[in-house]
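Results of the structural survey
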Amino acid sequence: MKILYFAWIRRSLEISGETINPPKNIKNVKSLVNWLGLKSKKHKEVFLKIKSIRIAVNHEVVSLNNKIKQNDEIAFFPPFTGG
Amino acid sequence: MKILYFAWIRRSLEISGETINPPKNIKNVKSLVNWLGLKSKKHKEVFLKIKSIRIAVNHEVVSLNNKIKQNDEIAFFPPFTGG
Amino acid sequence: MIKIQKKNFNFSEENKKLLKNNSGAIVTFIGVVRGKTKTKKIQSINIECYLKMAEKKLEEVEMIANKKWKLNNCIIIHRYGKIKPGEKIVYIATSAEHRKNAFKSCEFIIDYLKTKAPFWKLEKINSKEMYVRLKKKDEKNLKKWENII
Amino acid sequence: MIKIQKKNFNFSEENKKLLKNNSGAIVTFIGVVRGKTKTKKIQSINIECYLKMAEKKLEEVEMIANKKWKLNNCIIIHRYGKIKPGEKIVYIATSAEHRKNAFKSCEFIIDYLKTKAPFWKLEKINSKEMYVRLKKKDEKNLKKWENII
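Residues numbered from 1 in each chain as written. Chains lettered and ligands numbered in written order. Predicted model: local features only at pLDDT ≥ 70, side-chain atom pairs only at ≥ 80, totals over all residues. Heavy atoms only, no water.

Another aspect to go through is the overall build of chain C. Across its full length, chain C carries four helices and eight strands. Mapped from its N terminus to its C terminus, chain C presents α and β elements in the order β-α-β-β-α-β-β-β-α-β-β-α. Seen through its C-alpha atoms, chain C measures out along the principal axes to roughly 50 × 35 × 30 Å. Here chain C holds 149 residues, and 57% of them are scored as buried. When contacts within chain C are restricted to residue pairs at least 6 apart in sequence, those whose partners lie at least 24 apart make up 77%. (Helix = DSSP H or I, 4+ residues; strand = E, 2+ residues; numbered from the N terminus. Buried < 20%, exposed > 50% of the residue type's maximum accessible area, 1.4 Å probe, protein only. Contact = heavy atoms within 4.5 Å.)

What the eight strands build is an open sheet, ordered β1(C)-β4(C)-β6(C)-β2(C)-β2(D)-β6(D)-β4(D)-β1(D); its pairing is mixed. Edge strands, defined here as strands with exactly one partner in the open sheet, are β1 (2–5) of chain C together with β1 (2–5) of chain D. Strand-to-strand, the axes of this sheet are offset by a mean angle of 10°, without reference to chain direction. Judged from the four bridges that link them, β1(C) and strand β4 (residues 73–79) of chain C form a sheet pairing that is parallel. Residue pairing for β4(C): C:K3 is matched across the bridge by C:I77. Against the sheet, helix α2 (residues 51–69) of chain C engages β1, β4 and β6 (88–96) of chain C, with an angle of about 155° to β1(C). The sheet strands contacting helix α3 (residues 99–116) of chain C are β2 (25–32), β4 and β6 of chain C together with β2 (25–32) of chain D, and the helix crosses β6(C) at an angle near 150°. (Pairing = 2+ DSSP bridges. Axes fitted to C-alpha atoms, helices over the stretch in contact; angles between N-to-C directions.)

Residue and element names in this part refer to chain D. Of all nine residues in strand β6 (residues 88–96), nine are buried, a share of seventy percent or more. Bridge analysis of β2 against β6 gives eight bridges, and the strand direction is antiparallel. Along β6, the bridge assignment pairs A25 with A96. Pairing geometry for strand β4 (residues 73–79) and β6, over six bridges, is antiparallel.

Moving on, we get to the relation of the copies chain C and chain D. Each copy superposes on the other: chain C lies on chain D with an RMSD of 0.0 Å after a rotation of 180° and an axial shift of 0.0 Å. The superposition of one copy onto the other is thereby described by a two-fold rotation axis. (Least-squares fit on C-alpha atoms with pLDDT ≥ 70 in both.)

Right, let's talk about the arrangement of the chains for a bit. No other pair among the three pairs of chains in contact exceeds the contact count of chains C and D. Over all C-alpha pairs, chain A and chain C never come within contact, reaching a minimum spacing of 10 Å. Nothing in chain B touches chain D; the tightest C-alpha to C-alpha distance between them is still 10 Å.

Moving on to the interface of chain C and chain D. With 34 residues of chain C at the interface, the matching set in chain D holds 34 residues. Together chain C and chain D conceal approximately 3100 Å² of surface at their shared face, both sides included; 53% is due to carbon and sulfur atoms. The largest contributions to the chain C side of the interface with chain D come from C:R34, C:R99 and C:F103, which together make up 22% of the buried area. One can count ten salt bridges joining chain C with chain D. For D:D138, the salt bridge is made with C:R99, and the minimal N-O distance between the two is 3.2 Å. The set of elements that each furnish at least two residues to the side of chain C that touches chain D consists of α1 (11–16), β2, α3 and α4 (136–143) of chain C. Taken together, the residues that form the side of chain C that touches chain D break down as eleven nonpolar, eleven polar and twelve charged. Relative to β2(D), β2(C) is paired through seven bridges, and the arrangement is antiparallel. The residue of β2(D) that forms the bridge with C:G31 is D:A25. (Buried area = accessible area lost by both parts, 1.4 Å probe. Salt bridge = Lys/Arg side-chain N within 4 Å of Asp/Glu carboxyl O. Nonpolar A, V, L, I, M, F, W, Y, C, P; charged D, E, K, R; others polar.)

Residues and elements named next belong to chain C. As summarised here, the arrangement of the four strands in space is β5-β3-β7-β8, forming an open sheet in which the pairing is antiparallel. Each edge of the sheet is formed by a strand with only one pairing partner; in this case those strands are β5 (81–83) and β8 (128–131). Averaged over all pairs of adjacent strands, the angle between strand axes in this sheet comes to 25°, irrespective of strand direction. Of the strand pairs in this sheet, strand β3 (residues 44–49) and β5 are connected by three bridges, and their pairing is antiparallel.

Residues and elements named next belong to chain D. Where burial is concerned, most of strand β7 (residues 119–125) is hidden: six out of the seven residues are buried. Of the strand pairs in this sheet, strand β3 (residues 44–49) and β7 are connected by six bridges, and their pairing is antiparallel. Across the sheet, C49 pairs through a bridge with F119, a residue of β7. In this sheet, strand β8 (residues 128–131) lies alongside β7 in antiparallel orientation, the contact comprising four bridges. When the sheet's bridge partners are listed, K124 is paired in β8 with E129. Taking the residues between adjacent antiparallel strands as the criterion, β7 and β8 are bridged by two residues, where N126 takes a positive phi near 50°.

In structure tokens:
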């Protein structure tokens, strides 16, 4: 599973992404977020702010209840400020 | 008094304008139109269609009741179709 | 800045003037002679103009837009004379700090020009010339700006 | 046509492509980096981009606009990376037979990009970098297009 981080999340974690292999019971975004929060102190701090984080699964913005699969690309980012 | 004609009015009258010296009792646009209509057969035909003609006095669109003065520039034209 | 001219213009040169004054948004409108309508092929158009009044009206609309939408810049160019299909007739550019003001002012200016500026279009179709009629739609479009003018 | 690129662009070259296809109206929007806000002077901005998702979203909005407003042409260019005050960030051009469709589609596209396309602005002010916050106004602006997307 490919994870990507953008903007302040990328800066806080000091990585722009990581390839992970979560356990079988991680079946939606919410459980993935909880699992990622356990990876390090930095991860924990970032994912405590989940309310100000948006999530995309395969380039579509989704809610925490969205199902995820092994080969998905999952991105975490703040609200967009382009244009 | 300077009179200007545009678009189909200019073409019908075969002149783009004329300098006139109407009698003293011609004090508003309506009386001017009646007076101009007497100038020639062509004038008569044009000014019979006064309902589809717009009038400007000194570059401002006005109604038939508008007062006119000796040195005014008065223009007759159909509705605008620029832009 | 307003210009009423016979010759064609290059909008890139005009556009360059807009990238100044802390503007965050630039909106431009370009009106072009179409080559055909639903039923007919247009060979060319000839735009007649009451020059002195047109200058006054363009300056007027520029002033109204500048004031209402706090524009940093406003350019209005209107051509007259013979113009071929695919050629530009009118160019309007507005720049403002934020985009809503740039959009609104640009749309207002073209709606205003359509019914308030003294230009008349003569179309040449099958070698015959005919004046374009006023579009009811254009009169209606101006209604939404009634509180401004 | 959509482009997501680091380098600056010349809108006159882009504009030339629009004078085709029996279009009567071309509307363009250019978003520019402002040099200052109410309280601060901006040295530069850095735009971060989720490239694959951005390509998808730009293609999506182009398709929606083409379909809804029957556009003859649609160009969307969005830059990322370091951009200085006075430089262009985004360019949108739409052309249609009539002006209302060109105006509406252009305004829709920029409203859409502001909240739906994965770009993030980092401002440099007094040598300090800070991410720009989402503007509530931008979320509100998109509401008026709700029946379209």
